[in-house]
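Structure assessment
For reference, the chains in residue letters:
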Amino acid sequence: MLIFNKLEFSQNFRSILEQAGQIPPFPETARELLKLRNNPDANLEQLTGLIEKDPSLAAFILKYARMSIFGYGNRITSVHHAISLVLGFNTALNLTMSIASSGCLKLPNHGALGRVRIWSQTLECAALCRELCHIMTKKNLINCELIYLSGLFHNFGYLLFGHLYPKEFSYLNDLVTRYPGQDARSLQLQVFGITHDTIGMYLIKSWNLPEEIAITVAEQHFPDYSGKHASYVKLIAVANRLLQNPMLTDGCPYVDTTILMGSLGINELEANAAHEKVHGCQSEFLTLAQELVA
């Protein structure tokens, strides 16, 4: 059993997070993709060229575009087709940017908090966030691509935890694996005094990603949050509740999911249909995650 001072550990961790240069920099490919994202004149050819420079990214985009949820299957034979016919410019860019940025963070592949499970859940959550955004009647509250990107980055605090403190993270991974019914965030607080949402917030800010993502990552377990960009926090909470992943239990059981949906203009029947659509691809998301870490 790992024995250490929880208060001292959390203080040291926060000190590292607050120091310039301690968090791994945004990887080069991810930086190029972010520049493309921020360029209003960016085009499909530029994005295709950037993705094809990295064979692993190109292979992933092809496999993602062939998922049953899209209905194209093996008819998608090139990155250009994957983007132009299936995913669209923004989704392909955001997806590849999140994958490229994770490459600098080392994490065990297996266990409840291993890279395979983290990516499988992340891809499923991001996809559901996007589906829910599309059925919202209050369209002015959320940018669908930003909530999709928030879904892709909301678990990155685990990646940074494992990267900076591999021994301690291995212990946490073992705890969550052995006690699957336990709330993973509560375990983090009890044992380490710091949680993946706080860690992830520092990472997102260090990488200069949009403010909406930083706030969503920081407040993801608190759908009663009422500050700036609260709608993003509420939507990701709805997605994670629908997915019913005990690892992502939020801290507001007194806030009813139907009330959250109502505040966003989401019909409950449509939300359940969106969940069934995405959850039906769970095995495909798992396969993608396994291939991603291979």
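Here we summarise the structure given alongside this text. (Residues numbered from 1 in each chain as written. Predicted model: local features only at pLDDT ≥ 70, side-chain atom pairs only at ≥ 80, totals over all residues. Heavy atoms only, no water.)

**Focus: the overall build of the chain**
In terms of regular secondary structure, the chain is built from 17 helices and zero strands. Seen through its principal axes, the chain has C-alpha atoms that stretch 55 × 40 × 35 Å. The buried share of the chain, reckoned over its 294 residues, is 56%. Entry remark: accessible area of the chain is about 12700 Å², with carbon and sulfur atoms responsible for 51%. Positive and negative charge centroids in the chain, built from 23 and 26 side chains respectively, lie 2 Å apart. (Helix = DSSP H or I, 4+ residues; strand = E, 2+ residues; numbered from the N terminus. Buried < 20%, exposed > 50% of the residue type's maximum accessible area, 1.4 Å probe, protein only. Areas by Shrake-Rupley, 256 points an atom, 1.4 Å probe, with all protein chains shown as cover. Lys, Arg positive; Asp, Glu negative; His and termini not counted. Charge placed at Lys NZ, Arg CZ, Asp CG, Glu CD.)

**Notes on helix α1 (residues 6-18)**
Side chains of residues three or four places apart in an α-helix project in the same direction, reflecting 3.6 residues per turn. Its 13 residues give α1 an end-to-end C-alpha distance of 18 Å, which sits within 8% of 18 Å, the value for a rise of 1.5 Å per residue. Regarding α1, the residues found buried are Phe-9, Ser-10, Phe-13, Ile-16 and Leu-17. Down the axis of α1, the buried set is contained in an arc of 125°. They therefore lie on one face. Those residues of α1 that are exposed and angled more than 90 degrees off the buried face are Leu-7 and Glu-18. The secondary structure elements touched by the buried residues of α1 are α9 (156-164), α10 (166-178), α11 (184-192) and α12 (196-206). Capping the start of α1, Asn-5 holds a side-chain oxygen 3.0 Å from the backbone nitrogen of Leu-7, two or three residues further along. (Expected span 1.5 Å × (residues − 1). Arc of directions from axis to C-beta. Contact = heavy atoms within 4.5 Å. Polar contact = N/O pair within 3.5 Å; in protein donor to acceptor, adjacent residues only side chain to side chain.)

**Some remarks on the packing of aromatic side chains**
Applying the stated rule across the entire model yields 14 aromatic pairs. Seen from their ring centres, Phe-156 and Trp-207 are 6.3 Å apart, and the 80° between their planes marks the pair as edge-to-face. Of the two residues, Phe-156 is situated in helix α9 and Trp-207 in the loop between α12 and α13 (211-219); the sequence distance between them amounts to 51 residues. Phe-156 gets classed as buried once you look at its relative accessible area, which sits at 2%. (Phe/Tyr/Trp six-rings, centres within 6.5 Å; stacked < 30°, edge-to-face > 60°.)

**Focus on the pattern of salt bridges**
One pass over the structure, following the stated rule, counts seven salt bridges. For Glu-291, the salt bridge identified is with Lys-63, shortest N-O distance 3.0 Å. With Glu-291 in helix α17 (residues 282-293) and Lys-63 in helix α4 (residues 55-65), this residue pair connects regions lying 228 residues apart in the sequence. For Glu-291, a relative accessible area of 38% gives the class partly exposed. Residues Glu-145 and Arg-130 are paired through a salt bridge, measuring 3.9 Å at the closest nitrogen-oxygen approach. On the criterion of sequence distance, the pair formed by Glu-145 in helix α8 (residues 144-153) and Arg-130 in helix α7 (residues 115-135) is long-range, its members being 15 residues apart. This pair shows no difference in class: Glu-145 is buried, exactly as Arg-130 is. (Salt bridge = Lys/Arg side-chain N within 4 Å of Asp/Glu carboxyl O.)

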